[in-house]
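# Per-entry structural report
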Amino acid sequence: MVRRIRRLSASPAAILVKAYERNLKSMTRATLAGGKRLAGQVRRAAEKMHGAPPGPGDWLPGVALGPAGARAYHLYRPAGLSWVPGQKLPLVVMLHGCGQSGRAFAISTRMNRLAARERFLVLYPDQDRIANAQGCWNWFERRSGKADAEVATLMAALDQVQMLYPVDRDRVVLAGLSAGASMAVLMATRHPQRFQAVAAHSGVAPGAAGSAGSALGAMRGRHLPSVIPSAVGKAMGAAVQLTLLPPLLLLHGCEDQVVVAENASHLASVWSHATGARPLASRVLQRGQRQPARVTDYRRKGRTMVRLAEIEGLGHAWSGGLGSQPFSDPRGPDATRMIWTFAQLAFRERGSGGD
């Protein structure tokens, strides 16, 4: 009886201790479970942003340092490559648009699928969101020097990839969408001998803007010089030997309300004037039920220096891209295939000297 009274008198404290222990264990389990869920969410988000796109092949990460700071990149290498001593592969450099990443751009354009079939490498640099909150390449920041700093940093990424991987330096192609297209053209004017072909999809001519404010006007076609020779000087810069500019493919949607289509026709005039190319008769191309494109070639001494493809019904989107992705329209002609076809033409004509 005495023992039972003593146990009962001690029970309130024991009960509190046990309750505390139970609560502590429950809180610990809940915290660990919540931490695991959060870690899983973070991991899945990171994989979605930076993980390998669907499909076979290697998605190789890298970081390049330059005047604009560090820029991450990924290199796509097709699966099953049989390395032959001395063999070099073509390289396509892909610059994404605003609101995109290199991974998203790879998925949207399906360039990796073509690279696997045709056996070439693809480089996808990523813009740093600290450098531009929307993920845009700063092609327009010429007055501040940011544009040329980013050009130099992107060239550092190219140099690094060419040192680490078997890249054929005589078959390097540069392509981009929107801000990536504008940056691609700017890079080609700064380093014309490093690229054998350039493709600009829905971009603005370099020289049409010098700041963020003027870039918006240029996108709407308000800052395009009316006199072509003066435009050449603004766009290309005095240091560039204009005849060295690589062949340029321009793709633009006629219904683009973000970067109006006048930008493409203006850039075609600037580039053709700079290279001494003359326009041939336009032709309309259409494959199956896809939207038609009016194509105009500008040639000089047997070489196609400019090809302008104006795509009917296309807005501000990658033509022929994956429909589930933003800035991508599957109804248009296959821009990815058109870029590679144009690049192969540039390789042949350059090798033959332009018959």
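What you see is a predicted model, and the numbers here were worked out from it, not measured in a lab.

Judged by nonpolar contacts, the single largest core of 59 residues is most densely connected at Leu91, Leu95, Met183 and Met187. In contact with Leu91, not counting residues within four places along its chain, are Leu75, Leu121, Val122, Leu123, Leu158, Val161, Val167, Arg171, Val172 and Val173. Counting residues in hydrophobic clusters, the runner-up holds 33 residues, among them Val92, Ala175, Leu251 and Phe342.

With that out of the way, let us pick up the environment of Glu255. With respect to the helices and strands, the residue Glu255 is situated in the loop between β7 (248-253) and α8 (262-275). Sequence separation between Glu255 and Ile311 is 56 residues; the distance between their C-alpha atoms is 8.4 Å. Setting aside chain neighbours within four positions, we find Glu255 in contact with Gly313, Leu314 and Gly315.

Attention now goes to the side chain of Asn132. As for its position among the elements, Asn132 is in the loop between β4 (121-125) and α4 (146-164). Of the polar contacts made by the side chain of Asn132, one reaches the backbone nitrogen of Gln134; its length is 3.0 Å. There is a polar contact of 3.0 Å between the side chain of Asn132 and the side chain of Asn138.

Quick look at the state of the cysteines now. Per the stated rule, a full pass over the model turns up one disulfide. Disulfide pairing is shown between Cys98 and Cys136; the S-S distance is 2.0 Å. Between Cys98 and Cys136, the S-S dihedral sits near 130 degrees, and the bridge is therefore right-handed. Of this pair, Cys98 sits in the loop between β3 (89-95) and α2 (102-109) while Cys136 sits in the loop between β4 and α4, placing them 38 residues apart in sequence. A relative accessible area of 26% places Cys98 in the partly exposed class.

About the thresholds
- Residues numbered from 1 in each chain as written.
- Predicted model: local features only at pLDDT ≥ 70, side-chain atom pairs only at ≥ 80, totals over all residues.
- Heavy atoms only, no water.
- Core = buried A, V, L, I, M, F, W, Y, C linked by side-chain atoms within 4.5 Å.
- Buried < 20%, exposed > 50% of the residue type's maximum accessible area, 1.4 Å probe, protein only.
- Contact = heavy atoms within 4.5 Å.
- Helix = DSSP H or I, 4+ residues; strand = E, 2+ residues; numbered from the N terminus.
- Polar contact = N/O pair within 3.5 Å; in protein donor to acceptor, adjacent residues only side chain to side chain.
- Disulfide = S-S within 2.5 Å.

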